[in-house]
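Architecture at a glance
Chain by chain, the residues run as shown.
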Amino acid sequence: MLGCVGIYLLVVRYGSEAERKRLEYLVGKWRDVLRFERPGGAVLIVDGRVEDVMRFLEELYSRIPRERVSVYQLKEPEFHLEPLMLEGVVRTRMRVEEAWGAVNLVLARLRGALVSESGGERIYTVSSRKGMCRVRVSIVPSDDGSRLRFVVEGYSEAATYVYEKLLHELSYVGEVEKHA
């Protein structure tokens, strides 16, 4: 499937001006490789039975010239992007509570936001200049302190960038046992 040419409708629902700007940046970055068109008028996603869609189109064409209406049948693309997952383990002499304090400080420096916390695991989203990713952190006590495990999950270079930053910052907290 890779290498085939196709036309795709992307619906990007951004929730802030910052996300809109990120989209504009990427469109500009890829403009030499991909052709982007921002259709004027209305973009509708119509979900219904074929017969009903046909009747709708018949009525639409009676009110708006056929040449000014484009209709595409959408289906899920055959490609699926799996996020990159990078894991690190750091052994520290800190107690679990102290290690959580260090993790919170490091993630605050990386512009991380706590998304959820359950049991002994916390999930953060981290926004970097390379993109956004998710970081899962768990800390368990060990014989001489605690063991900190983190997994960075994301796409493109964002995951690698955040992972390397975390490894660097957490190396001050303890000894890196395992990475990627």
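Higher on the page you've got the structure.
Residues numbered from 1 in each chain as written. Predicted model: local features only at pLDDT ≥ 70, side-chain atom pairs only at ≥ 80, totals over all residues. Heavy atoms only, no water.

1. Re the overall build of the protein
When its secondary structure is counted, the protein shows 4 helices and 6 strands. The helix and strand sequence of the protein, counted from the amino end, reads α-α-β-α-β-β-β-β-α-β. Here the C-alpha atoms of the protein give a radius of gyration of 23 Å, more than 25% beyond the 16 Å that 2.2 N^0.38 yields for 180 residues. Dimensions along the principal axes, computed over C-alpha positions, put the protein at roughly 75 × 35 × 35 Å. Of all 180 residues assigned to the protein, the portion counted as buried reaches 24%. Excluding contacts between residues fewer than 6 apart, the proportion of contacts in the protein whose partners are at least 24 apart in sequence is 53%. Entry remark: accessible area of the protein is about 13800 Å², with carbon and sulfur atoms responsible for 53%. Of the charged side chains in the protein, 28 are positive and 27 negative, and the gap between their average positions amounts to 5 Å. (Helix = DSSP H or I, 4+ residues; strand = E, 2+ residues; numbered from the N terminus. Rg over C-alpha atoms; globule rule 2.2 N^0.38 Å. Buried < 20%, exposed > 50% of the residue type's maximum accessible area, 1.4 Å probe, protein only. Contact = heavy atoms within 4.5 Å. Areas by Shrake-Rupley, 256 points an atom, 1.4 Å probe, with all protein chains shown as cover. Lys, Arg positive; Asp, Glu negative; His and termini not counted. Charge placed at Lys NZ, Arg CZ, Asp CG, Glu CD.)

2. A word on the pairing of strand S4 (residues 131-142)
Two elements, strand S3 (residues 121-128) and S4, share 8 bridges in a ladder whose sense is antiparallel. Counterpart to Ser128 in the pairing with S4 is Gly131. Hairpin connection from S3 to S4: 2 residues lie between these consecutive antiparallel strands. Pairing of S4 with strand S5 (residues 145-154), which is carried by 10 bridges, proceeds in the antiparallel orientation. (Pairing = 2+ DSSP bridges.)

3. Remarks on helix H4 (residues 156-170)
Between the first and last C-alpha of H4 there are 22 Å, a value that for 15 residues agrees with the 21 Å anticipated at 1.5 Å per step. Every buried residue belonging to H4 is among Ala158, Ala159, Val162, Tyr163, Leu166, Leu167, Glu169 and Leu170, and all of these are buried. (Expected span 1.5 Å × (residues − 1).)

4. Examining the packing of helix H3 (residues 96-109) against H4
Running from amino to carboxyl end, H3 crosses H4 at an angle of 135°, the nearest separation of the two axes being 11 Å. In this view, H3 runs oblique relative to H4, as classed from their interaxial angle. Crossing of H3 against H4: the hand is right-handed. Touching Val106, Leu107 and Arg109 of H3 are Leu166, Glu169 and Leu170, all from H4. Class assignment of the residues belonging to the contact of H3 with H4 gives a composition of 4 nonpolar, no polar and 2 charged. (Axes fitted to C-alpha atoms, helices over the stretch in contact; angles between N-to-C directions. Parallel < 35°, antiparallel > 145°, perpendicular 65-115°, else oblique. Left-handed = near helix turned anticlockwise from the far one by under 90°. Nonpolar A, V, L, I, M, F, W, Y, C, P; charged D, E, K, R; others polar.)

5. Here's the deal with the packing of aromatic side chains
Considering all chains together, one arrives at 1 aromatic pair under this definition. Centroid distance Phe150 to Tyr163: 5.7 Å. Interplanar angle 40°. Geometry classified as tilted. Remark: Tyr163 occurs in helix H4 and Phe150 occurs in strand S5; sequence separation between them is 13 residues. Note on accessibility: Phe150 and Tyr163 belong to one class, buried. Arg122 extends its terminal NZ or CZ atom over the ring of Trp100, reaching a point 4.0 Å from the ring centre. (Phe/Tyr/Trp six-rings, centres within 6.5 Å; stacked < 30°, edge-to-face > 60°. Lys NZ or Arg CZ within 6 Å of the ring centre and 35° of its normal.)

6. Topic: the environment of Lys130
By secondary structure assignment, the location of Lys130 is in the loop between S3 and S4. For the pair Lys130 and Gly48, spaced 82 residues apart in sequence, the C-alpha separation works out to 39 Å. The residues touching Lys130, leaving out its near neighbours within four places in the chain, are Glu157, Ala158 and Tyr161.

7. Re the environment of Leu84
Following the sequence through the fold, Leu84 ends up in strand S1 (residues 84-92). For Leu84, a relative accessible area of 36% corresponds to the partly exposed category. Distance from Leu84 to Glu157, taken between C-alpha atoms, is 9.3 Å for residues 73 residues apart in sequence. Setting aside residues up to four positions removed in sequence, Leu84 forms contacts with Val152, Glu153, Gly154, Ala159 and Thr160.

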